[in-house]
Structure formats: C-alpha cells, structure tokens
Amino acid sequence: MATTLTKTDFTFPGQTGVYHGKVRDVYTINDSMLVMVATDRISAFDVILPKGIPYKGQVLNQIAAKFLDATAHAVPNWKLATPDPMVTAGRRCEGFRVEMIIRGYLTGSAWRDYAAGAREICGVKLPDGMRENERFPEPIITPTTKADEGHDENISREEIIARGIVSEEDYKVMEQYTRTLFEIGTRMAAEKGLILVDTKYEFGKLEDKVILIDEIHTPDSSRYFYAEGYQERFERGEAQRQLSKEFVRQWLIENGFMGKPGQTVPEMTDEICESISQRYIELYEHITGEKFVPAPEADLERRIETNILDCLTNLK
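Residues numbered from 1 in each chain as written. Predicted model: local features only at pLDDT ≥ 70, side-chain atom pairs only at ≥ 80, totals over all residues. Heavy atoms only, no water.

S.K.: When you look at helix H1 (residues 56–71) in this model, what are you seeing that I'm missing?
M.R.: Because each turn of an α-helix spans 3.6 residues, side chains separated by three or four positions in sequence point in the same direction. With 16 residues, H1 extends 23 Å between its outermost C-alpha atoms, agreeing within 8% with the 22 Å of an ideal straight helix rising 1.5 Å per residue. Of all 16 residues making up H1, 12 are buried, and the element is well covered by its neighbours. Within H1 the residues assigned to the buried category are Lys56, Gly57, Gln58, Val59, Leu60, Asn61, Ile63, Ala64, Ala65, Phe67, Leu68 and Thr71. (Helix = DSSP H or I, 4+ residues; strand = E, 2+ residues; numbered from the N terminus. Expected span 1.5 Å × (residues − 1). Buried < 20%, exposed > 50% of the residue type's maximum accessible area, 1.4 Å probe, protein only.)

S.K.: Any chance you could explain the pairing of strand E14 (residues 194–206) here in plain terms?
M.R.: Residues in a regular strand project their side chains so that they alternate between the two faces of the sheet. Counting buried residues along E14, 11 of its 13 residues qualify, which places the element largely inside the surrounding structure. Two strands pair when backbone bridges link them, and strand E9 (residues 98–106) and E14 are joined in this way by four bridges, in the antiparallel orientation. Among the inter-strand pairings, Arg103 is bridged to a residue of E14, identified as Asp198. Pairing geometry for E14 and strand E16 (residues 222–226), over five bridges, is antiparallel. The partner of Thr199 across the bridge, within E16, is Ser222. (Pairing = 2+ DSSP bridges.)

S.K.: Got a minute to help me understand the pattern of salt bridges in this structure?
M.R.: This structure, assessed with the given rule, holds 24 salt bridges. Arg157 is the partner of Glu175 in a salt bridge, and the nearest nitrogen-oxygen pair spans 3.2 Å. On the criterion of sequence distance, the pair formed by Glu175 in helix H4 (residues 168–191) and Arg157 in helix H3 (residues 157–162) is long-range, its members being 18 residues apart. Take Arg157: its relative accessible area is 23%, and that puts it in the partly exposed class. With its nearest N and O atoms 3.1 Å apart, the salt bridge here joins Glu159 to Arg163. Residue classification places Arg163 among the exposed positions, given a relative accessible area of 52%. A single network of salt bridges, built from pairs that share partners, joins Arg24, Glu99, Lys200, Glu202, Asp214 and Glu215. (Salt bridge = Lys/Arg side-chain N within 4 Å of Asp/Glu carboxyl O.)

S.K.: Explain the layout of surface pockets to me, please; I cannot follow it from the model alone.
M.R.: With a probe scaled to a water molecule rolled over the atoms, the places where space remains empty come into view. Empty space within the second largest pocket amounts to approximately 310 Å³. Lining the second largest pocket are 16 residues; nearest its centre among them are Gly104, Arg135, Pro139, Phe182 and Thr186. Looking at the lining of the second largest pocket, the elements that each hand over two or more residues are E9, strand E12 (134–141), H4 and E14. Split by residue class, the lining of the second largest pocket holds 10 nonpolar, two polar and four charged. (1 Å grid on protein atoms, 1.4 Å probe; cavity = no way out; pocket = protein on both sides within 12 Å on 5 of 7 lines; lining within 4 Å. Points joined across faces, edges and corners; volume = space filled by probe spheres on them. Nonpolar A, V, L, I, M, F, W, Y, C, P; charged D, E, K, R; others polar.)

S.K.: Is there a simple way to explain the sheet that holds strand E6 (residues 79–84) in this structure?
M.R.: Whether parallel or antiparallel, the strands of a sheet pair through hydrogen bonds between backbone atoms. Ordered in space as E1-E2-E3-E7-E6, the five strands form an open sheet in which the pairing is antiparallel. A strand with exactly one partner marks an edge of an open sheet, and here the two such strands are strand E1 (15–20) and E6. Adjacent strand axes in the sheet meet at a mean angle of 20 degrees, parallel and antiparallel pairs treated alike. With six bridges connecting them, strand E2 (residues 24–29) and strand E3 (residues 33–38) associate as antiparallel partners. When the bridges of E3 are listed, Asp25 appears paired with Val37. (Axes fitted to C-alpha atoms, helices over the stretch in contact; angles between N-to-C directions.)

S.K.: Could you clarify how one ought to interpret the packing of helix H6 (residues 246–254) against helix H7 (residues 270–288) in this entry?
M.R.: A pair of packed helices is captured by two measures, namely the crossing angle of their axes and the spacing between those axes. Interhelical geometry of H6 versus H7 gives an angle of 155 degrees and a closest axis separation of 10 Å. Judged on the interaxial angle alone, H7 and H6 are roughly antiparallel. Here Phe247, Val248 and Trp251 of H6 come into contact with H7, specifically with Ile272, Ile276, Arg279, Tyr280 and Leu283. Residues that form the contact of H6 with H7 fall into these classes: seven nonpolar, no polar and one charged. (Parallel < 35°, antiparallel > 145°, perpendicular 65-115°, else oblique. Contact = heavy atoms within 4.5 Å.)

S.K.: Would you mind showing me how to read the packing of H1 against H7 here?
M.R.: Between H1 and H7, the least distance of the axes is 9 Å, while the angle of their chain directions is 15 degrees. By the angle between their axes, H1 is roughly parallel relative to H7. Seen from above, H1 lies across H7 with left-handed handedness. Packed against H1, whose contacting residues are Lys56, Val59, Leu60, Gln62, Ile63, Lys66 and Phe67, the element H7 presents Tyr280, Ile281, Tyr284, Ile287 and Thr288 at the interface. Partitioned by chemical class, the residues of the contact of H1 with H7 number eight nonpolar, two polar and two charged. (Left-handed = near helix turned anticlockwise from the far one by under 90°.)

Structural measurements only, silent on function.
Encoded structure:
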C-alpha cells in the first residue's frame, strides 16, 4: 500500500503556532500566514479513524485549490500558494465561529429531522409534503456553531446576531458570499454531469474584510449527486447515486460503528484503505474533470517540508 501521512511535526522559521485538526495540520507563520497541510487522516462521526488513506490529502487539497482559484473573482479568499500537492499557504484571518451550510436539496441530516416531524431548521421554515432528495425552490442556509470538540450545533441567523457571534453587517456579507459560491459550484458541477447538493463554507475577517477560508467543494465538505438518473430515482423513491464521503460512513454503520460510546472502529485492512483511496481518486476525477496524478510518495515528509520552506522564502 502507498505511504500515508498521518501526522506532522514541522518547525518552520517564524513559526508562532500549530494546530492539529481532525484531518489537517495548520502552522502559523509570523502570526500573519497559515500553512495548511492536508494529511491522509480520515474522520467520520467526529472520530479520527486509526489508519490513513493513501492520496486523500492530495485529493482534498487539489480540489480545494482548484475551486478557490475558480471563485476568487467573485469572493475574496485566503489562498496565496499551493507549494505542495498536500499543502496550501495563505493569509491568516480571524475565523468566525460559524459554519455556513447551504442546501439545495432535502437530504442527509436535514431530511432525517424533517422525517421526524421538524418543519423548521435553523430558523428556516419548510413546507409540508416534501420528499427525501427533493430540490428546494431556493437553496436554504442552515448555519451551525463551530465546535473545537464534539458536535457542531444548528443555530439560526437571528441567534447568531443576537448572541454577537457575528455582527449583522458581517453576516449579510457571509450570506451573500455563500449564495454566490454555491451558484458557481452548482454551475461547475453541472458541467461535469453532477449536482452540488449541499456544502459548507467558513469565513474569517482580515483587516475588516470578510474572507473565505478553509477548503471548499471537496467531497469531505460537500455532497454531490450524479445528474443523470436523478429525476427517475427521485420519482421512484430510490437512493441517489452520490459522490461524497457518505460511503465511508455507510461502511462504518454496516460494521456497527456510529461514533457512540462503547462502539469500536472496525478493522481497517489494507484492502479497505486501498478501496477508500480509489473512491477518493474517483471523486477527484469526476469533480475536476482531470486525471489524478499521484505525487511522489518517497520521503513524503521531507518533500513537503522542503516545498514549504521554499514557499516561505518566496512569499517573504
């Protein structure tokens, strides 16, 4: 099996902090720049799984970089460079403690809540009589709080503003940017025969300006349906063919794991890890329309460190 990168412990010139997230390690340089390493770690149900997935970090980093570049004309973002297939460097922003989730279709957790009787999600009222995977007349925004640990929680626009989590002025900009990004992502997906079903965006503040941060439109943060056959499957009440990380969650569920206390992660054999890797590569090629080219994996950490050091020198 290919080499995987599941942890990093770099020290760079001017480094003022490091944060190890669920799947990415983020290095702060001179309090003004972030270097984000997309590792091969994989998480599900808010649990980091015990083995890495070959090329997963490269897949996610390159998809995100492509969409950040494709949307920069419409929404300012944090990205400055991609010095390595697994790394993005950019401006450090003060992140808002909110994730902006936008949904074009009634599916996933929103459908589960709706099927249980909910007719309002995050302050957004929903009509009676909707069916699973049905398209909303207009995409809806259902924000969540951004938790450092544990689960994010649904929250309404009104509550975000009332609690002072985000000012009304900044929230309006975030809403506008969220809809703009979703429109662009929807068009780009349609060109590849896909439907961008739902996704999430994160924003921060840089010199009083709202900026898009983090990754966008990756299979870890988004759900895609295949456009072909969508309507027929919907009318028959069948599950949609989708491109997302959902297949990993389904494998875990089938093996008795949903992240609940007392449950044990099923054994991740090399075969399982390899099959998940192939699915991520398939996602990359469908979403970008480009052939995936694996980066050299020999001495992975040294390659990444060298590329980052070169980048920091050039960005000085």
